[in-house]
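Commentary on secondary and tertiary structure
In case you want the letters, here they are:
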Amino acid sequence: MPVKILFVCLGNICRSPTAHGIFESMVAESGLQDMIFVDSAGTGDWHIGKSPDPRASGAALSRNHDLSHLRARQVRPEDFQEFDYILAMDNQNLWDLQALALPEFNGHLGLFLDFGTSGLQEVPDPYSGGEEGFELVLDLVENASRGLLDHLRDQLN
Ligand code: 4NP
């Protein structure tokens, strides 16, 4: 059984699909695609079925990360049965997930950036801001993804 990782933000069209796409390609580059399964979801329901925001997919593509296969979905209670790591992009997402969590969940529910070295806790919501917000998302996601992959490699060994 692979270790299952779920990235969560509010809309599942900016931050968590960026993490999903980038972490998934890092896992594949490391040859761990049979050991680590990656998914993403939003706490909100507004964008269900949509592709990532063009600003997020454009910024990601400029760093050679393709997000075009991803579609938004909402977090569901069964995610707490299926996933081993549920990683929130900000504290509000984390609180919303804590409220949804099933009592039998015994995986890791926490902030994604705790695996990084940026010193930030939260990936700021870029939705209502400019291009630089999307670049910051990429910087933070790339950094924390390296830390998460190192952590999982240690766990798998
Ligand atoms: P995300 O960004 O949570 O990173 O996907 C947002 C996307 C949509 C909205 C807010 C944040 N929205 O309000 O529709």
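Here we summarise the structure given alongside this text. (Residues numbered from 1 in each chain as written. Predicted model: local features only at pLDDT ≥ 70, side-chain atom pairs only at ≥ 80, totals over all residues. Heavy atoms only, no water.)

Quick look at the site of the ligand now. Taken together, Cys9, Leu10, Gly11, Asn12, Ile13, Cys14, Arg15, His47, Asp125 and Tyr127 make up all the residues around the ligand. Side-chain polar atom of arginine 15 to an oxygen atom of the ligand: 2.8 Å apart, as the coordinates give it. The fraction of the free accessible surface of the ligand (360 Å²) that becomes covered by protein chains is 88%. For the shell around the ligand, the residue count by class is 5 nonpolar, 3 polar and 2 charged. (Near = heavy atom within 4 Å. Polar contact = N/O pair within 3.5 Å; in protein donor to acceptor, adjacent residues only side chain to side chain. Areas by Shrake-Rupley, 256 points an atom, 1.4 Å probe, with all protein chains shown as cover. Nonpolar A, V, L, I, M, F, W, Y, C, P; charged D, E, K, R; others polar.)

Nonpolar side chains in soluble globular proteins tend to end up buried together. Counting 36 residues, the largest nonpolar core has Ile5, Phe7, Phe23, Ile36, Phe112 and Leu148 as its most contacted members. Counting residues per element, the ones that place at least two in this core are strand S1 (3-9), helix H1 (15-29), strand S2 (36-42), helix H2 (54-61), strand S3 (85-88) and helix H5 (131-156). Sort the elements by how many residues they give to this core and H5 lands first, with 9 residues. Discounting residues that sit within four places of it in the chain, phenylalanine 112 has contacts with Phe7, Ala19, Leu87, Ala88, Met89, Val141, Ala144, Ser145 and Leu148. (Core = buried A, V, L, I, M, F, W, Y, C linked by side-chain atoms within 4.5 Å. Buried < 20%, exposed > 50% of the residue type's maximum accessible area, 1.4 Å probe, protein only. Helix = DSSP H or I, 4+ residues; strand = E, 2+ residues; numbered from the N terminus. Contact = heavy atoms within 4.5 Å.)

A few words now on empty space enclosed by the protein. A full pass over the atoms with the stated rule returns 1 cavity of 30 Å³ or more. Lining the largest cavity are Asn12, Pro17, Ser40, Lys50, Ser51, Pro52, Leu70, Arg71 and Ala72. (1 Å grid on protein atoms, 1.4 Å probe; cavity = no way out; pocket = protein on both sides within 12 Å on 5 of 7 lines; lining within 4 Å. Points joined across faces, edges and corners; volume = space filled by probe spheres on them.)

Within S1, 7 of the 7 residues are buried, which leaves the element mostly enclosed by the surrounding structure. Burial along S1 is two-sided: the residues Val3, Ile5, Phe7 and Cys9 and Lys4, Leu6 and Val8 are all buried. As paired elements, S1 and S2 share 7 bridges and run parallel to each other. Pairing of isoleucine 5 across the sheet is with valine 38, part of S2. Pairing between S1 and S3: 4 bridges, direction parallel. Of the residues in S3, the one forming a bridge with phenylalanine 7 is leucine 87. (Pairing = 2+ DSSP bridges.)

One can find threonine 18 in helix H1. Residue class for threonine 18 comes out buried when judged on its relative accessible area of 3%.

Here the focus is the pairing of S2. With 6 of 7 residues buried, S2 lies mostly within the body of the structure. Note that the unit made of S1, H1 and S2 has a crossover that is right-handed. (Right-handed = clockwise from strand over helix to strand, strands pointing away.)

Summarising the element assignment, glycine 49 is placed in the loop between S2 and H2. Residues glycine 49 and glutamate 131, 82 residues apart in the sequence, show an inter-C-alpha distance of 24 Å. With sequence-adjacent residues up to four places away left out, glycine 49 is seen in contact with Arg71 and Ala72.

On inspection of all chains with the given rule, the structure shows 10 salt bridges. For arginine 63, the salt bridge is made with glutamate 135, and the minimal N-O distance between the two is 2.8 Å. Separated by 72 residues along the polypeptide, arginine 63 in the loop between H2 and helix H3 (79-82) and glutamate 135 in helix H5 bring together distant segments of the chain. With a shortest N-O distance of 3.1 Å, glutamate 142 and arginine 63 are connected by a salt bridge. Note that glutamate 142 is positioned in helix H5 and arginine 63 in the loop between H2 and H3, a separation of 79 residues in sequence. Judged by its relative accessible area of 19%, glutamate 142 falls in the buried class. (Salt bridge = Lys/Arg side-chain N within 4 Å of Asp/Glu carboxyl O.)

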